[in-house]
Protein chains: 2
Amino acid sequence: MTDSAGSEAASVLGRLVAALGERVDTDLAHLDAARADKSGHAADGLPLAIVRARDVGDVQETLRIAHATGTPVVTRGAGTGLAGGANAGDGEIVLSVRGMDRILEVRPDDLIAVVEPGILNADLNRALAAEGLWWAPDPASREISTVGGNIATGAGGLLCAKYGVVRDAVLGVDLVLSDGRLLRLGHRSVKGVTGLDLTSLVIGSEGTLGVVVGATLKLRRLVPGSPRTLTASFPDVRSAAAGAAAVTASGVQPAIMELMDAACLRAVHRLLALPSPRDGVAQLTVQTDGPAATAEAAAIAATLTEAGGTVRLARDEAEAELLLRIRRSMHPAMETLGTTLIEDVSVPRSALPAMFDEIARIERAYDLVIPTVCHAGDGNLHPNFVFTGDDVPDRVWQAADELFRAALRLGGTLTGEHGIGVLKRRWLADELGDDQWELQRQIARVFDPAGILNPGKVFAP
Amino acid sequence: MTDSAGSEAASVLGRLVAALGERVDTDLAHLDAARADKSGHAADGLPLAIVRARDVGDVQETLRIAHATGTPVVTRGAGTGLAGGANAGDGEIVLSVRGMDRILEVRPDDLIAVVEPGILNADLNRALAAEGLWWAPDPASREISTVGGNIATGAGGLLCAKYGVVRDAVLGVDLVLSDGRLLRLGHRSVKGVTGLDLTSLVIGSEGTLGVVVGATLKLRRLVPGSPRTLTASFPDVRSAAAGAAAVTASGVQPAIMELMDAACLRAVHRLLALPSPRDGVAQLTVQTDGPAATAEAAAIAATLTEAGGTVRLARDEAEAELLLRIRRSMHPAMETLGTTLIEDVSVPRSALPAMFDEIARIERAYDLVIPTVCHAGDGNLHPNFVFTGDDVPDRVWQAADELFRAALRLGGTLTGEHGIGVLKRRWLADELGDDQWELQRQIARVFDPAGILNPGKVFAP
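Residues numbered from 1 in each chain as written. Chains lettered and ligands numbered in written order. Predicted model: local features only at pLDDT ≥ 70, side-chain atom pairs only at ≥ 80, totals over all residues. Heavy atoms only, no water.

Overview of the overall build of chain A
Phase 1: Broken down by element type, chain A carries 16 helices and 18 strands.
Phase 2: Against the compact-globule benchmark of 23 Å for 461 residues, chain A has a radius of gyration of 23 Å, which places it among compact chains.
Phase 3: Considering only C-alpha atoms, chain A reaches an extent of 70 × 55 × 45 Å along its principal axes.
Phase 4: Residues counted as buried form 58% of the 461 residues belonging to chain A.
Phase 5: Here chain A carries 44 positive and 58 negative side-chain charges, and the mean point of each set is 3 Å from the other. (Helix = DSSP H or I, 4+ residues; strand = E, 2+ residues; numbered from the N terminus. Rg over C-alpha atoms; globule rule 2.2 N^0.38 Å. Buried < 20%, exposed > 50% of the residue type's maximum accessible area, 1.4 Å probe, protein only. Lys, Arg positive; Asp, Glu negative; His and termini not counted. Charge placed at Lys NZ, Arg CZ, Asp CG, Glu CD.)

In C-alpha cells form, the structure reads like this:
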C-alpha cells in the first residue's frame, strides 16, 4: 500500500466507523480469515475492515460509503465457498451478512418463507421442519453455509435431480445496489412474468450484481414416509457410471444417487476403519423417498443388479445410516490424503461413463490420482486433485484445464454448483464464448457501473 | 408515411428481397393479420414485410439488414399472445419463426430435447409421447401456440403448481442478437452455474432481448397410471376459493385445480346446453395423477366436502372428460357474451378469497360483470372483462386498473403468464418501482443498443 493509498484507506475506515460504529471489525485475525474460503485459496493483501451488518440499513450505509469513495466491497456469508468468490483482498471492505439471520415469515398456506441471507441452510430447515416444511436445496455444506451464499452461487446438492436447484426454489430477492438503493425483485406468487426475471439473474451472480439482503423462498412439504437406502458395488467406475445411467434411463427417479470411485472408497474405508474394498471397486449410494420408496428401491436394485452391481439394500434406519456415512465421510477422507482442489464439472447424464474415461486419461497423462465423487443422478462430478503444500501446482492446473475442456466437449459445463469465483475465471470465456462473456460483463456494469462489487471475480480477465 | 420514409422503407424491403427472396411475404392480408394477436388488440399502421425464416441463417440475415437500416423487428410465432407483444405496426419487419418447427434432438437418457422455436407445444408433446416423455408447460393455448412463444412469454398453464412453469423447463436457448450475432445460452446438464443465467433472463422477455432460434428443453417422463377427476360445487365463489385454499393447505398436491365463478359456469352451461346451475354457484375442477392419484382424489374430496362443497368424483374416463369439458369450454363460452379483455393477475394462494372479494367490489363499482376463471392451485386468475365493440372502453380500463392495484396490494403480480406486451406496459413501473424499471430497460439496451427489437413493447413509457 502506498502512502496516499494508506491515507485514503484511513479516510474510508473513518467514515465506516463514524456511520456504523462497533459493527466495523478490524481485528487482524478476522481480516486474515476473510481472505480465504473453503477452497483454500486466499486473496493477496489484507482487507480494510469487516462490516458486520445487522440490518438492511447497515448494508445500504456501507455501500453508500463504498460508492462515494470507490472502495471495492466483497459480500460474505459463512465463507464456505469453493471458488474463492467471497475472498477479500488488499483494501477491500468485507460486508458480512452472516449476522442477518432471521426468518421473517413462514406461510405454510402459500408454501413460502421470507428470510434474511445469513441464516444457515440447516438452521432454516430445522425451523421449517417443525411446521412440516422444507427448503429443498441441500448443498453438502448445508450445516455451515448460508441461504444467501446458496443463492449467490446458485448452489446444488444431492437431491437436485428430483427436487431441483436453488434457482427452482427462490421466488424473489431483495437486492441492495452498489450505490445503496434497495430493489425488490421477483414475487410471492407461484406464477409471475412482470418484466425481466432479475431474480434468476441474481441467483448465481456471486456478489457481482448487488447484495442480497432478503429472499422469498419456495417451500415444499416434508416428504411423507421413510426413505429407502441401498448401495451397489461395481468392479470399476465405468460400470458404476453405466449403472447410474441405466437407473436414469429406467425412468425411476431416486432422491439421491451418489457415485464414489475406487480412490474415494478406499480412502473412506481407511478413515472409518472398514475392510478395504477390492482394487478398482466403485460404489453407488441410492436413496428413494415418498409413497413409492420401497417399490422404487426394489426397481433400482433390479436395474443395478442387471447392470452388474452387487446390491445391498438397508433393512433398517441404522443400516441406512451406515451406508450414507460412507458417502458423507468423503471430504474428511480427502483431507487425510493431502491438500485438495475440489473440482465441479457437470455433464449430461448419459456422458458420465465417457467423463470417467477422460478423468482416467488425465490421471495417466499427469501421473495424478484424482479421487472423484459424483452426483450421478444429475451428472455433476467432483474430481479431487490431491497435492502437497498450500499452493496448487502448475501441473494440477494443467490437468484441471484438460478436465474442463473434456467436460465442455461432452456437452457439459465448467461448474455445476460451486461457481466461477477467482479459480475458474480464466476458463469462463471458453464456455460462454467471447461475445456472451462481453455481454454478461456489460450487464454486470448496468447493476454496478463503478465496478466496486466483488471486482476481480467471475468476469476479471 | 412521409415520402422519405416511404423511400427508406422501399430500400429496406429491397434489401430483404435481395437477401431472402421468396421468404419475404408482402401479401396485404398477411401483413394485416400480423398487426394483431388473440388479445384482439391491433397495432397502428401496416408492417413493411413478413420474413418467413426457415433457418438460423435467415434470422441472422434479417437482423443484419434491420440493424444496418435501423428498422424495427417484431418476432412472431403463431400470434396467439394475449398482451399484444407480437403485434407489428407501421414500417416494422415481422420476423416469423413459425416455419422453424423441427425437433432437432430427443434424448430420453438425458431427459432433454432440442427444438426450433416454431413448433407447436401440442405437436412437440405428441412426438414426445411416442417416447414416453413430455414437456410439462401446458398453456391453455397449447394446441395453437409455439414453444418459442411459450418461452418469450414465460408461459404457465394448468399444471404449474405441481409441474412448474416454462422457466423450470428450459435449460438453454440459442439467441440471435439485434445485430445478427448468434449466442448459445445455458447448458445441457441438469446443473450449471457458469456466469450469469441469461437463459432465465430471456424467458419472458417478450422479444425485447433477441430472437430465440433454438431451445434445449428439460423433459419429464409421462406420469404413469390414470388421472382421477372430480368437481366440487359451492354456493358462492368465495367459499369455492376457500375450498381451494384448504386443499393447498392440506398438503395434497393436485395436478390441476381450476375454479370457475358463477358467471363463467352459467355461460358454459348455456353453451353446452346443460341444466342451468343455481344462482351464485361456483365450481372447482380437480385432477390428481401419478401412483397415488386415487388416494389423493379421495383426500381432496374429503377436504372439499368439509369446506362445504358438493363433490362429484368421476367414475370413469368418459365422465372425467365431461367434467373437464366444462372447464375447457370457458373461452368459447366467453365469446358468446361479447368482446372480452382476458386479464391475468396472480396472487399468493392464501389471498384468493380476498382477490375474489376485490373482483366483486370492482364489478359493483363499475357496473360490470367480470366472469373469472382461476388456476386455483397456483393463485393465477383470469378475470374476463366483457364489452361490446372492438375497442376496450375507458371504463373497462379503469376497472382493470383497480384490478391490478388490488392484486399488487395482496402481494401479487400484474401478470402470471401472459406478459406485459403493449396492454400492460403503463402499469409495469407500478409493480417494479421506477428504479427497477430503469435498470431493466438498461439491461434490454445491452442486448439491443439500437432499440430495434420489439420497440414500444414492455418498457415503452
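Considerations on the UniProt feature "domain: FAD-binding PCMH-type" (unreviewed entry) in chain A
Phase 1: Here the UniProt-annotated "domain: FAD-binding PCMH-type" (unreviewed entry) positions come out as residues 43-222 of chain A.
Phase 2: Structurally, residues 43-222 of chain A is divided into 22% helix and 25% strand, and its ends, taken at the C-alpha atoms, are 41 Å apart. (UniProt positions renumbered as here; feature names shortened; annotations may be inferred.)

Side note on the pairing of strand β4 (residues 93-96) of chain A
All names here are of chain A.
Phase 1: Of the two faces of β4, both are covered, the one formed by Ile93 and Leu95 as well as the one formed by Val94 and Ser96.
Phase 2: One ladder, built from four bridges, connects strand β2 (residues 49-52) with β4; its direction is parallel. What sits directly across from Val51, in β4, is Leu95.
Phase 3: Where strand β3 (residues 73-76) lies against β4, four bridges are found, and the strand directions are parallel. Residue pairing in the sheet places Val73 in a bridge with Ile93 of β4. (Pairing = 2+ DSSP bridges.)

Brief notes about helix α9 (residues 262-271) of chain A
All names here are of chain A.
Phase 1: In terms of residue burial, α9 counts as a mostly covered element, since seven of its 10 residues are buried.
Phase 2: Turning to α9, its buried residues number three or more, namely Ala262, Ala263, Cys264, Leu265, Ala267, Val268 and His269.
Phase 3: Residues of α9 that are buried in the fold lie against β13 (256-260), β14 (282-288), α11 (317-328), α12 (330-335) and β17 (372-375).
Phase 4: Near the N-terminus of α9, the side chain that reaches the backbone nitrogen of Ala263, with its oxygen 3.3 Å away, is that of Asp261.
Phase 5: Two residues or fewer after α9 comes Ala273, characterised by a positive phi angle close to 55°. (Contact = heavy atoms within 4.5 Å. Polar contact = N/O pair within 3.5 Å; in protein donor to acceptor, adjacent residues only side chain to side chain.)

Overview of the sheet that holds strand β9 (residues 182-186) of chain A
Where strands meet in a sheet, backbone hydrogen bonds hold them as pairs that are either parallel or antiparallel.
Residues and elements named next belong to chain A.
Phase 1: Pairing in this open sheet of five strands is antiparallel, and the strands run β5-β6-β10-β8-β9 from one edge to the other. Of all the strands in the sheet, just β5 (103-107) and β9 have a single pairing partner and so form its edges. This sheet shows a mean twist of 10° between the axes of neighbouring strands, independent of strand direction.
Phase 2: The sheet contact formed by strand β6 (residues 112-115) and strand β10 (residues 211-218) spans four bridges and is antiparallel. Looking at β10, one finds that Val115 is bridged to Ala215.
Phase 3: Those strands touched by helix α4 (residues 121-129) are β5, β6 and β10, and its axis lies near 40° from that of β5. (Axes fitted to C-alpha atoms, helices over the stretch in contact; angles between N-to-C directions.)

Regarding the packing of helix α13 (residues 352-366) of chain B against helix α14 (residues 394-409) of chain B
Residues and elements named next belong to chain B.
Phase 1: With their axes 10 Å apart at the nearest point, α13 and α14 run at an angle of 155° to one another. Classified by the angle between their axes, α13 and α14 sit roughly antiparallel to one another. Viewed along their axes, α13 and α14 form a crossing whose handedness is right-handed. Contact residues: α13 offers Met355, Glu358, Ile359, Arg361, Ile362 and Tyr366, while α14 offers Arg395, Gln398, Ala399, Glu402, Leu403, Ala406, Ala407 and Arg409.
Phase 2: The class makeup of the residues in the contact of α13 with α14 is eight nonpolar, one polar and five charged. (Parallel < 35°, antiparallel > 145°, perpendicular 65-115°, else oblique. Left-handed = near helix turned anticlockwise from the far one by under 90°. Nonpolar A, V, L, I, M, F, W, Y, C, P; charged D, E, K, R; others polar.)

Things to note about the side chain of Thr415(B)
All names here are of chain B.
Phase 1: As for its placement among the helices and strands, Thr415 is situated in the loop between α14 and α15 (428-432).
Phase 2: Relative accessible area serves as the criterion here: at 0%, Thr415 is assigned to the buried category.
Phase 3: Separated by 2.5 Å, the side chains of Thr415 and Asp344 make a polar contact.

Let's talk about the pairing of strand β5 (residues 103-107) of chain B
All names here are of chain B.
Phase 1: Here β5 runs beside strand β6 (residues 112-115); their pairing, made up of four bridges, is antiparallel. What sits directly across from Glu105, in β6, is Val114.
Phase 2: Taking the residues that link successive antiparallel strands as the turn, the β5-β6 hairpin has four residues, and the phi of Leu111 there is positive, at about 55°.

Structural notes on α13(B)
Residues and elements named next belong to chain B.
Phase 1: Between the first and last C-alpha of α13 there are 21 Å, a value that for 15 residues agrees with the 21 Å anticipated at 1.5 Å per step.
Phase 2: Those residues of α13 that sit buried are Leu352, Pro353, Met355, Phe356, Glu358, Ile359, Ile362 and Tyr366.
Phase 3: Of the surrounding secondary structure, the elements contacted by the buried residues of α13 are α8 (237-250), β13 (256-260), β17 (372-375), β18 (380-387) and α14. (Expected span 1.5 Å × (residues − 1).)

Considerations on a positive patch on the surface
Phase 1: A surface patch of like charges, here positive, comprises Lys218(A), Arg220(A), Lys218(B) and Arg220(B).
Phase 2: As for its placement among the helices and strands, Lys218(A) is situated in strand β10.
Phase 3: Taking the relative accessible area as the measure of exposure, Lys218(A) reaches 31% and is therefore partly exposed. (Patch = residues over 30% accessible without salt bridge, like charges linked within 9 Å, V, L, I, M, F, W, Y side chains within 5 Å. Areas by Shrake-Rupley, 256 points an atom, 1.4 Å probe, with all protein chains shown as cover. Salt bridge = Lys/Arg side-chain N within 4 Å of Asp/Glu carboxyl O.)

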